[in-house]
Amino acid sequence: MTFQAKDFRTADHDIAELFLNRWSPRAFSNKKVENATLNTLFEAARWAPSSGNNQPWRFIIAKNDADLKKFHPILMEGNFVWAQHAPVLALVVSDNTKGSNEFDAGAAWGFLSLQAAKDGLITHPMSGIYKDVAKETFNIPENFDVHLAIAIGYKGETHTLSPELQARETPSNRRPLAEILFEGSFKK
């Protein structure tokens, strides 16, 4: 089935289709991602805004078999079953001595994901990881927090997934703007 995420989503206000088409599938093709293409994604992340221009984010990537195998033990089982097939895995970490490091790292991940969508790739963030194992495996200093892993690649066929995951392999919609935007004070 060929579709675009925007076929499942409707914006209430005029936004670029890029935002509607970006989503996080789990079915990856085995097509390798060229270095130049990967560099474009991380270049986009590099230009994300950060508080005080601290740029606290760092990325650790795996794109060859040996490095990808090092990533596998940090993935919780629910993510491992599908993410092991992604041609690229990345870990997002940030310097926790910088005030808004988590927020800023999230902005960098957002820029990366939008560039990937623009370039015809898919990305899927995973918070279901063993952060302590990641710190040890990748020699991450104490002053860096581990946030999430990202699977990066090209969209594959859903039949490669378990029936349970196949059923979830469509873009989700979003909460209405009225549920996330409040004027004057927070509303439940």
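Residues numbered from 1 in each chain as written. Predicted model: local features only at pLDDT ≥ 70, side-chain atom pairs only at ≥ 80, totals over all residues. Heavy atoms only, no water.

- The name given to the protein in an unreviewed UniProt entry is Nitroreductase family protein, with the source organism recorded as Kurthia sibirica.
- As stated in UniProt under Sequence similarities (unreviewed entry), the record for the protein gives "Belongs to the nitroreductase family." (UniProt positions renumbered as here; feature names shortened; annotations may be inferred.)

## Looking at the UniProt feature "domain: Nitroreductase" (unreviewed entry) in the protein
And then number 1: Mapped onto the present numbering, the UniProt feature "domain: Nitroreductase" (unreviewed entry) falls at residues 21-154.
And then number 2: Here residues 21-154 is 39% helix and 22% strand, with 14 Å between the C-alpha atoms at its ends. (Helix = DSSP H or I, 4+ residues; strand = E, 2+ residues; numbered from the N terminus.)

## Description of helix α5 (residues 101-118)
And then number 1: End to end, α5 covers 26 Å across 18 residues, agreeing with the expected 26 Å (1.5 Å per residue, within 8%).
And then number 2: Of the positions making up α5, those classed as buried are Asn-101, Asp-104, Ala-105, Ala-108, Trp-109, Leu-112, Ser-113, Gln-115 and Ala-116.
And then number 3: Looking at the buried positions of α5, the neighbouring elements they touch are α2 (35-46), β1 (57-62), β2 (88-95), β3 (122-126) and β4 (144-153).
And then number 4: Among the residues trailing α5, Gly-120 stands out with phi positive, at a value near 85°. (Expected span 1.5 Å × (residues − 1). Buried < 20%, exposed > 50% of the residue type's maximum accessible area, 1.4 Å probe, protein only. Contact = heavy atoms within 4.5 Å.)

## Comments concerning the side chain of Gln-115
And then number 1: With respect to the element layout, Gln-115 can be found in helix α5.
And then number 2: The exposure class assigned to Gln-115 is buried, which follows from its relative accessible area of 18%.
And then number 3: Not counting chain neighbours up to four residues away, the residues in contact with Gln-115 comprise Thr-40, Leu-41 and Ala-44.

## Considering the packing of aromatic side chains
And then number 1: For the structure on display, the rule yields 4 aromatic pairs.
And then number 2: Aromatic pair Phe-28 and Trp-82: ring centres 6.2 Å apart, planes at 5°, arrangement stacked. One end of the pair, Phe-28, is in the loop between α1 (17-21) and α2; the other, Trp-82, is in helix α4 (residues 77-83), with 54 residues separating them in the sequence.
And then number 3: By relative accessible area, Phe-28 is classed as buried at 6%.
And then number 4: Measuring from centroid to centroid gives 4.8 Å for Phe-182 and Phe-186, while their planes differ by 65°, and the two rings are edge-to-face.
And then number 5: By relative accessible area, which is 28% here, Phe-182 ends up partly exposed.
And then number 6: Judged by its relative accessible area of 67%, Phe-186 is exposed. (Phe/Tyr/Trp six-rings, centres within 6.5 Å; stacked < 30°, edge-to-face > 60°.)

## Quick word on the pattern of salt bridges
And then number 1: The tally for this structure, following the rule as stated, stands at 4 salt bridges.
And then number 2: The closest approach of N and O atoms between Glu-169 and Lys-155, which form a salt bridge, is 3.3 Å. Taken together, the positions of Glu-169 in the segment after α7 (163-167) and Lys-155 in the loop between β4 and α7 put the pair 14 residues apart, joining distant regions of the chain. (Salt bridge = Lys/Arg side-chain N within 4 Å of Asp/Glu carboxyl O.)

## Remarks on the environment of Ile-15
And then number 1: Topologically, Ile-15 is positioned in the segment before α1.
And then number 2: Ile-15 sits in the partly exposed class, given a relative accessible area of 41%.

## A look at the pairing of β3
And then number 1: The element β3 is largely enclosed, with a buried count of 4 among its 5 residues.
And then number 2: Across 5 bridges, the pairing between β3 and β4 is antiparallel. Within β4, the residue paired with Thr-123 across the bridge is Ile-152. (Pairing = 2+ DSSP bridges.)

## Section: the packing of α2 against α5
And then number 1: Two numbers describe how α2 lies on α5: the axes approach to 7 Å, and their chain directions differ by 140°. Judged by the inter-axis angle, α2 sits oblique to α5. Between α2 and α5 lies a crossing whose hand is right-handed. On the side of α2, the interface is formed by Thr-40, Leu-41, Phe-42, Ala-44 and Ala-45, while α5 contributes Ala-108, Phe-111, Leu-112, Gln-115 and Ala-116.
And then number 2: Its residues placed into classes, the contact of α2 with α5 shows 8 nonpolar, 2 polar and no charged. (Axes fitted to C-alpha atoms, helices over the stretch in contact; angles between N-to-C directions. Parallel < 35°, antiparallel > 145°, perpendicular 65-115°, else oblique. Left-handed = near helix turned anticlockwise from the far one by under 90°. Nonpolar A, V, L, I, M, F, W, Y, C, P; charged D, E, K, R; others polar.)

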